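Residue-level structure breakdown
Chain by chain, the residues run as shown.
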Amino acid sequence: MTDEQICEVVVTAADGEWLAGFTRRLVEDRLAACGQQTAAIRSIYRWDGAVHDDPEARVALHTRASLVERIVARADAEHPYDVPCVLALPVVGGNPAYLDWVLAMTDQPG
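So, how was this worked out
Note that residues are indexed from 1 along each chain, following the sequence as it is written. With the structure being a predicted model, the display of local features is reserved for residues of pLDDT at least 70 and the display and counting of side-chain atom pairs for 80 or more, all residues being used for whole-chain, interface and lining totals. Excluding hydrogens and water, the side-chain figures rest on all heavy atoms present in the structure. In this scheme Phe, Tyr and Trp rings, the latter by its six-membered ring, pair at centre separations within 6.5 Å, and the angle between planes marks the pair as stacked below 30 degrees, edge-to-face above 60, and tilted otherwise. Helix and strand assignments follow DSSP, with helices taken as H or I runs no shorter than four residues and strands as E runs no shorter than two, numbered in order from the N terminus. Burial classes follow relative accessibility: with a 1.4 Å probe on protein chains only, a residue under 20% of its type's maximum area counts as buried, one over 50% as exposed, and anything between as partly exposed. In these notes, a set of buried Ala, Val, Leu, Ile, Met, Phe, Trp, Tyr and Cys residues joined through side-chain atoms within 4.5 Å is what counts as a nonpolar core. By definition in these notes, contact holds between two residues if any of their heavy atoms fall within 4.5 Å. Helix axes use the C-alpha atoms of the stretch in contact, all axes being lines fitted to C-alpha atoms, and the angles between their N-to-C directions lie in the range 0 to 180 degrees. Note on angle classes: values under 35 degrees are labelled roughly parallel, values over 145 roughly antiparallel, values of 65 to 115 roughly perpendicular, and the remainder oblique. With the far helix as reference, a near helix turned anticlockwise by less than a right angle produces a left-handed crossing, and one turned clockwise produces a right-handed crossing. Each residue gets one of three labels, nonpolar for Ala, Val, Leu, Ile, Met, Phe, Trp, Tyr, Cys and Pro, charged for Asp, Glu, Lys and Arg, and polar for the others, Gly among them. Note on pairing: two strands pair once DSSP finds at least 2 bridges between them. Note: the arc covers the axis-to-C-beta directions of the helix. Counted as a polar contact is a pair of N or O atoms within 3.5 Å, where, for protein atoms, one must be capable of donating a hydrogen and the other of accepting one, and residues adjacent in sequence contribute only when both atoms are in side chains.

Right, let's get into the packing of aromatic side chains. One pass over the full model with this rule turns up 2 aromatic pairs. Between the aromatic rings of W18 and F22, the centroid separation amounts to 5.0 Å while the plane-to-plane angle is 15 degrees, which identifies the pairing as stacked. Taken as a pair, W18 and F22 lie in helix α1 (residues 16–28) at a separation of 4 residues, close to a single helical turn. Here the two residues W18 and F22 agree in accessibility, since each one is buried. Their ring planes at 35 degrees and their centres at 5.4 Å tell us that Y98 and W101 sit as a pair that is tilted. Within this pair, Y98 and its partner W101 are both found in helix α3 (residues 96–105), separated by 3 residues, close to a single helical turn.

See the structure below:
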């Protein structure tokens, strides 16, 4: 395995189908190796002075830490929320073959 750090990027959205399409575009563009979506989560948060309690979907993207900035930029440009939830969490270990696969699937040309 190379020295490139791998991370998990969490993104949430109200519309699970939108989130699946967003994930597919990131994988097609090699910004993520994969995305594992949970279709039903419950988000409780404060926004515009009120507490909200809403259903959402969540995806965990596996990618290189060096690509997080590009994923955040894509979310800012494409996400229906004013302030999309995008969190990068470090991966501290795992199956070496899987980690190598994540690196191979996110290898950026030239």
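That was the structure; now back to the text.
Moving on to the nonpolar core. Counting 18 residues, the largest nonpolar core has V9, V11, L19, F22, L26, L61 and I71 as its most contacted members. Beyond its immediate sequence surroundings of up to four residues, L26 is in contact with L31, A32, L61, I71 and R74. Formed by 5 residues, the second largest nonpolar core is a distinct cluster that contains A33, L99, V102 and L103.

This brings us to the packing of α1 against helix α2 (residues 68–78). Relative to each other, α1 and α2 sit at 140 degrees, their axes nearing to 12 Å. Considering the angle they form, α1 stands oblique to α2. Judged by the twist between their axes, the crossing of α1 over α2 is right-handed. Listed contacts from α2 to W18, F22, R25 and L26 of α1 are I71, R74, A75 and E78. Class assignment of the residues belonging to the contact of α1 with α2 gives a composition of 5 nonpolar, no polar and 3 charged.

Once that is clear, we can look at the pairing of strand β1 (residues 6–13). Counting buried positions along β1 yields 7 of 8 residues, so the element is predominantly enclosed. Both β1 and strand β4 (residues 86–90) contribute to a ladder of 5 bridges, which runs antiparallel. Considered in β4, the bridge of V9 is made with A88.

Attention now moves to α3. Restricting attention to buried positions, one finds in α3 the residues L99, V102 and L103. Down the axis of α3, the buried side of the element spans an arc of 95 degrees, and every buried residue falls inside it. Two or three places before A97, at the start of α3, stands the capping residue N95, its side-chain oxygen 2.9 Å from that residue's backbone nitrogen.

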